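Remarks on the overall topology
Now for the letters of each chain:
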Amino acid sequence: MNEGEQTGLATMRDCWITGGATFDLAPTAWKTIAGGASPDEQERRLLAIAAQALDVALRPAAPKTLKRRPPLPRLALPMLPERLRPLLRAALKHGVDARRKTRVVTLVASRGFVLHPMDWMPVASDQNSPDVYAPWIDWQASVDGERHAPQEKLTAENWDEFYPAARRIALADMRRSGPASARLLVEAKASGEPAEVRLALIELMRFGLNPEDAPFLKSLSADRSGKVRELAGRLLARLGEHGRSNDGGPGDPAAELAAFISEGKSGFIRRRSIYTPAKLKSPAQEKRRAELFETCNLVDLAARFSATEPEFIGAWQFGADNNADILIARMVAASGSDAAVTHMADALVADGGKPALFVLHLTPRLDSRRKRVLVRLILKDSKYLGALNLAEGIEASWLEWGDLTNGQTLPALRSAVAGNDDIVKRGIDEILETMGFLATAATAEKLIEDVVAAGMPPAAPSLVLLRLNASLAGGLEPTRDQSGEQQNERSHPPPCRAGLRL
């Protein structure tokens, strides 16, 4: 449609607005179509033609900067049933930050489903969503790419054919099953990658870390990236290797950190060493001590006291300085050997009480059994329920009803729900959300009934993740396809159309 026709159409529109007839104003071709009918029918025909012109002929052309993208990849799991999507969207809306939204996504994936892309999409830098979303992460990261990750095993030859997320997952799997072959791949290809990618590849060495990795990690001491050198040093420390020169001189950070720790003796018959955080005199000293805890490795610090890692941890006096206790726990998580981590976790859990909460800082290094022991310990006491919200790396969908009834958790929840303290109730909201992630479907259903009976409104937003959990019980309703053949409700998403983006 040219400019004159557009002007004419605008004139006709103005005429209709004022209630007039437009037949005489219409283009000749339109008059041919509308002619021969009654005046009212002529106006209706012209109005229909004008509507088509506005919807089709005057639609703005796509800018040349738009690029056609490949179709959204199909994921390995079926899509969440349509009937549960409103509940899912409510749960995502209630999760106010990316961490809590990822919990919702992880819960759904633990029950064997993925989300509809219109409800949630991972971002290109996402490294916390379930592995099943790797094709979507790579799709987000690639603007022009038309290639797809090959289905065969990752090798040096097809390295560049894998997108970053798919490559990261493939390498992590290789490290678990064949750490040596995965290390050889990283050795061969990492040096040619940018520092950020190189750091992510070296970080995968934590899977299946073993003494055979030490020579390669030592070679990274000459890497051009400071972050890569630091990470390699921490991985070496987990193997018991001293990453820094341990001369004890003024430039030795481990020696400087040791000066913030007092060594004493305990016991009347068998004198044993104990280590206590020194009393600091200024905020500057506290800041410096925190920096040293973050940069030093446990094996180097223990060596300053001529102790092994377990001996040093066993002699540390928890409870003397809360900040120092947190810092030592983080140091153990970052650079302690597997034996040191489990030794510390088991000792703190055995002691119970508030010191056991320091194990929360070790959860990324703990196996599933120890994580569950810690959660059950917190639930049993109920005094530190809020700490559950800090736990990282804990699996979804395993908490049984017996775990909640074996302690003070349920009475504490009921009391808080029935009370009038708004601050306490807000804390309960977060705990119920955490329960919605940890609980089995049966436990989620019982917990909803329990807190509603205690006085919580049935439609409370804090119950939405529990409701979604209970709805994902696994009892899928059979449906029928167009041919009438019975199908399971699990279904793969329909093929997505190619997207356009600037």
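The shown structure was predicted, so the numbers you read here are calculated from the model rather than taken from an experiment. Every chain begins its residue count from 1, and numbering advances along the sequence as written. Totals for whole chains, interfaces and linings use every residue, but because this is a predicted model, local features are given only for residues with pLDDT of at least 70 and side-chain atom pairs only at 80 or more, for both listing and counting. The basis for every side-chain value is the complete set of heavy atoms in the structure, and neither hydrogens nor water enter the calculation.

Right, let's talk about the overall build of the protein for a bit. Put simply, DSSP marks the helices as runs of H or I at least four residues long and the strands as runs of E at least two long, and each gets a number from the N terminus on. Scanning the protein from N- to C-terminus turns up 23 helices and six strands. Burial classes: relative accessible area under 20% of the type maximum marks a residue as buried, over 50% as exposed, and values in between as partly exposed (1.4 Å probe, protein chains only). The burial tally for the protein puts 44% of its 502 residues in the buried class. Sequence separation of at least 24 residues holds for 63% of the intrachain contacts in the protein that already meet a minimum separation of 6. Put simply, the protein shows about 26,500 Å² of open surface, and 53% of that area lies on carbon and sulfur atoms. Note on definitions: a residue-residue contact is assigned when non-hydrogen atoms from the two residues lie within 4.5 Å. Each accessible area is a Shrake-Rupley result for a 1.4 Å probe, and residues are judged covered by the shown protein chains and nothing else.

All right, on to the pattern of salt bridges then. By definition here, a salt bridge exists when the distance from a side-chain nitrogen of Lys or Arg to a carboxyl oxygen of Asp or Glu is within 4 Å. With the rule as written, the count across this model stands at 23 salt bridges. Because the salt bridges share partners, they merge into one network encompassing Glu-82, Arg-85, Arg-89 and Asp-119.

Pairing of aromatic side chains requires ring centres within 6.5 Å, counting the rings of Phe and Tyr and the six-membered ring of Trp. Pairs whose planes differ by under 30 degrees are stacked, by over 60 edge-to-face, and all others tilted. This structure, assessed with the given rule, holds seven aromatic pairs. Ring centres of Phe-312 and Trp-316 lie 5.9 Å apart, and the angle between their planes is 50°; this geometry places the pair in the tilted category. By the burial criterion, Phe-312 is buried, and Trp-316 matches it. Members of the aromatic cluster, each reached through a chain of ring pairs, are Tyr-275, Phe-305, Phe-312 and Trp-316. Charge-over-ring placement is defined geometrically: NZ (Lys) or CZ (Arg) within 6 Å of the ring centre, and within 35 degrees of the ring normal. Of note, Arg-69 hangs over the ring of Trp-139, and the distance from its end group to the ring centre comes to 3.9 Å. When the ring centre of Phe-207 is taken as reference, the NZ or CZ atom of Arg-176 above it lies at 4.3 Å.

Looking at where Thr-102 falls in the secondary structure, it is placed in helix H5 (residues 98-110). A relative accessible area of 14% means that Thr-102 is categorised as buried. Every residue in contact with Thr-102, bar those within four places of it in the chain, is listed here: Asn-128 and Ser-129.

This brings us to the packing of helix H4 (residues 85-94) against helix H23 (residues 464-471). With axes taken as lines fitted to C-alpha atoms, and helix axes fitted only over the stretch in contact, angles between N-to-C directions fall between 0 and 180 degrees. Interhelical geometry of H4 versus H23 gives an angle of 145° and a closest axis separation of 9 Å. Where H4 crosses over H23, the handedness of that crossing is left-handed. When H4 is examined against H23, the residues Leu-87, Leu-88, Ala-90, Ala-91 and His-94 are found in contact with a partner set consisting of Val-464, Leu-465, Arg-467, Leu-468 and Ser-471. Left-handed describes a crossing in which the near helix is turned anticlockwise from the far one by less than a right angle; the clockwise case is right-handed.

Quick look at the packing of helix H9 (residues 195-203) against helix H11 (residues 226-238) now. Running from N to C, H9 and H11 point in directions that differ by 5°, and their axes come no closer than 9 Å. Judged on the interaxial angle alone, H11 and H9 are roughly parallel. Of the residues in H11, those touching H9 at Ala-195, Arg-198, Leu-199, Ile-202 and Glu-203 are Lys-227, Val-228, Leu-231 and Leu-235. Should an angle fall under 35 degrees it is taken as roughly parallel, and over 145 as roughly antiparallel, whereas 65 to 115 is taken as roughly perpendicular and any remaining angle as oblique.

For the rest of this paragraph, the subject is the confidence of the model for the protein. pLDDT runs from 0 to 100 and stands for how confident the predictor is about each residue. With 90% of its residues at a pLDDT of at least 70, the protein reaches an overall mean of 86. A low-confidence stretch, residues 475-502 stays under pLDDT 50, and its non-local contacts, those more than four residues away or across chains, total 54 contacts.

Right, let's talk about the environment of Ile-378 for a bit. Take Ile-378: it is sitting in helix H18 (residues 368-381). Expressed as a C-alpha distance, the spacing of Ile-378 and Ala-356, which sit 22 residues apart in the sequence, is 8.6 Å. Ignoring sequence-local partners within four residues, the contact set of Ile-378 consists of Leu-357, Leu-360, Tyr-384, Leu-385 and Leu-388.

When glycine is set aside, most residues are seen to have a negative phi, and most peptide bonds are trans. For Ser-306, which is not glycine, the phi torsion reads 55° and is therefore positive. Within the fold, Ser-306 resides in the loop between helix H14 (298-304) and helix H15 (309-315).

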